[in-house]
Amino acid sequence: MNNSKYRGVVVPMVTPVTQDGQLDLGAVKRIIDFFAHSGVSPLLMGTTGEGNSVSQADGQLFVETAVKAADGRITIYAGLTGNCFAEQVRQAEVYTALGADVIVATLPTYYALTPEQMYDYYKTLADCITGPLMLYNILATTHMSIPVDVIKRLADHPNIVGLKDSERDLERMAQCIEIAKGRDDFAYFCGWAAQSAHSLELGGNGIVPSTGNFVPEMFQQLFEAAVAGDMETANRLQDETNEIAKIYQKDRTLGQSLTALKVMMQTKGLCEPWMLMPLTRLSMFEERAITLKAQAI
């Protein structure tokens, strides 16, 4: 692990909304406080946060509310998605002005991009915005993978501070961690929650587990154990959190798993399981089954 200022547990926070699709500001404050007490930071409007479905106005309100609730206790990562470059630059600048510490951007997804186009996109975005930029690679939703050699080139940009990689490829993970090793200006974050402990053992800087919305303290303990070299404890916590993840992920699509995760969070009084279109709630029967399992933890 290097000495990058960006490290630790970053939870891809759900976006809590009301039945009519309005941002639930009270829930935002509760979740941020829940995270801060566990020592973990949020990634707002990532994949788990339904980032592509959040309006520009709500995105700004979300960042503003989260920053105020965090009150300097934790780092605020703000997700950036979309296909209009000019609008992305404007949003990033607004998020930074509102207090977001890092902008985390996925690739634009309407067109299939060549490696050189991916490089140009991130380089130009990093040149145009004032806040630090983190690359976000997620093949499952963008249907593109940022090549390792492109990441290596981008790591030398003075305004690109790291990579969050959610691709399920162990060889790629090791190669990307090697890029970050030995340098303090580029960090590697593992977005493949089931490999959190392994990525830290290899020298990764941080982890981005969606299950951290429900049990942030377990992932913080996992991180601390791995950094201390106590892999027995880290691997035990990995197995335990993997089992918790199955409650909302098993036999569900990604979209269905997100509302199931909100059902679990509802048992802790954090938010209600309403979703932004096109995602919807599960049946009452499914929600009840999830609630019972979550309450048993």
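Remember, it's a predicted structure, so these values are computed and weren't measured experimentally.

Thresholds applied
- Residues numbered from 1 in each chain as written.
- Predicted model: local features only at pLDDT ≥ 70, side-chain atom pairs only at ≥ 80, totals over all residues.
- Heavy atoms only, no water.
- Helix = DSSP H or I, 4+ residues; strand = E, 2+ residues; numbered from the N terminus.
- Buried < 20%, exposed > 50% of the residue type's maximum accessible area, 1.4 Å probe, protein only.
- Contact = heavy atoms within 4.5 Å.
- Axes fitted to C-alpha atoms, helices over the stretch in contact; angles between N-to-C directions.
- Parallel < 35°, antiparallel > 145°, perpendicular 65-115°, else oblique.
- Left-handed = near helix turned anticlockwise from the far one by under 90°.
- Nonpolar A, V, L, I, M, F, W, Y, C, P; charged D, E, K, R; others polar.
- 1 Å grid on protein atoms, 1.4 Å probe; cavity = no way out; pocket = protein on both sides within 12 Å on 5 of 7 lines; lining within 4 Å.
- Points joined across faces, edges and corners; volume = space filled by probe spheres on them.
- Phe/Tyr/Trp six-rings, centres within 6.5 Å; stacked < 30°, edge-to-face > 60°.
- Lys NZ or Arg CZ within 6 Å of the ring centre and 35° of its normal.
- Pairing = 2+ DSSP bridges.
- Right-handed = clockwise from strand over helix to strand, strands pointing away.
- Salt bridge = Lys/Arg side-chain N within 4 Å of Asp/Glu carboxyl O.

> Would you explain the side chain of Asn137 in this entry?
For Asn137, the location among the structural elements is in strand β5 (residues 133-137). Taking relative accessible area as the criterion, Asn137 reaches 1% and is therefore assigned buried. Residues within four places of Asn137 in sequence aside, it is in contact with Met144, Ser145, Ile146, Leu163, Lys164, Asp165, Ser166, Glu167 and Arg172.

> Teacher, can you tell me more about the packing of helix α1 (residues 25-38) against helix α2 (residues 56-70) here?
To characterise two packed helices, one gives the angle between the axes of the helices and the distance between these axes. Packing of α1 against α2 brings their axes to within 9 Å, and their N-to-C directions diverge by 40 degrees. Taken together, the axes of α1 and α2 lie oblique to each other. The handedness of the crossing between α1 and α2 comes out as right-handed. Seen from α1, the contacting residues are Leu25, Val28, Lys29 and Ile32; seen from α2, they are Leu61, Phe62, Thr65, Ala66, Ala69 and Ala70. Of the residues belonging to the contact of α1 with α2, the class tally is eight nonpolar, one polar and one charged.

> For this particular structure, what's the right way to read the layout of surface pockets?
Once rolled over the atoms, a probe with the size of a water molecule shows which space is left empty. When its volume is computed, the largest pocket comes out at roughly 630 Å³. If you trace the largest pocket, you find 32 residues lining it, with Arg168, Gly191, Ser210, Gln249 and Leu254 closest to the centre. Those elements that provide at least two residues to the lining of the largest pocket are α5 (139-142), α10 (231-249) and α11 (254-266). Considering every element that reaches the lining of the largest pocket, the biggest residue donor is α10, with seven residues. Classifying every residue of the lining of the largest pocket by side-chain character gives 15 nonpolar, twelve polar and five charged. In this model, the second largest pocket occupies a volume close to 440 Å³. If you trace the second largest pocket, you find 26 residues lining it, with Thr47, Glu50, Gly51, Asn52 and Thr141 closest to the centre. Within the residue set of the lining of the second largest pocket, elements represented by two or more residues are β3 (77-80), α5 and α11.

> Could you clarify how one ought to interpret the packing of aromatic side chains in this entry?
What describes a pair of aromatic rings is the distance from one ring centre to the other and the angle between the planes of the rings. Overall, the coordinates contain six aromatic pairs when judged by the stated rule. A ring pair is formed by Tyr110 and Tyr111, whose centres lie 4.9 Å apart and whose planes are at 85 degrees; its orientation type is edge-to-face. Side by side, Tyr110 and Tyr111 carry an identical accessibility label, which is exposed. Ring centres 5.0 Å apart and planes at 65 degrees place the aromatic pair Tyr121 and Tyr122 in the edge-to-face group. Each member of the pair, Tyr121 as well as Tyr122, is classed as buried. Site record: aromatic cluster; members linked through ring pairs are Tyr6, Tyr77 and Phe189. For the cation-ring pair, Lys268 lies above Phe214, with the distance from its terminal atom to the ring centre recorded as 4.2 Å.

> For this particular structure, what's the right way to read the pairing of strand β7 (residues 187-190)?
Because side chains alternate across β7, one face comprises the buried residues Ala187 and Phe189, and the other comprises Tyr188 and Cys190, equally buried. Note that strand β6 (residues 160-165) and β7 share four bridges and pair parallel. Residue pairing for β7: Gly162 is matched across the bridge by Ala187. For the crossover from β6 across helix α7 (residues 170-180) to β7, the handedness is right-handed. Relative to strand β8 (residues 206-207), β7 runs parallel, the two being bridged by two bridges. Looking at the pairing, Phe189 lines up with Gly206 of β8. A crossover links β7 with its parallel partner β8, the connecting element being helix α8 (residues 196-202), and its sense is right-handed.

> Quick question: what am I supposed to make of the pattern of salt bridges here?
Under the defined criterion, the tally for this structure stands at 14 salt bridges. When the shortest N-O distance is used, the salt bridge between Asp165 and Arg172 registers 2.6 Å. Since its relative accessible area comes to 6%, Arg172 is described here as buried. A salt bridge links Arg236 to Glu240, with the shortest nitrogen-to-oxygen separation between them at 3.1 Å. With Arg236 and Glu240 both in helix α10 and four residues apart, this pair spans about one turn of that helix. With relative accessibility at 42%, the residue Arg236 sits in the partly exposed group. We classify Glu240 as partly exposed; its relative accessible area is 32%.

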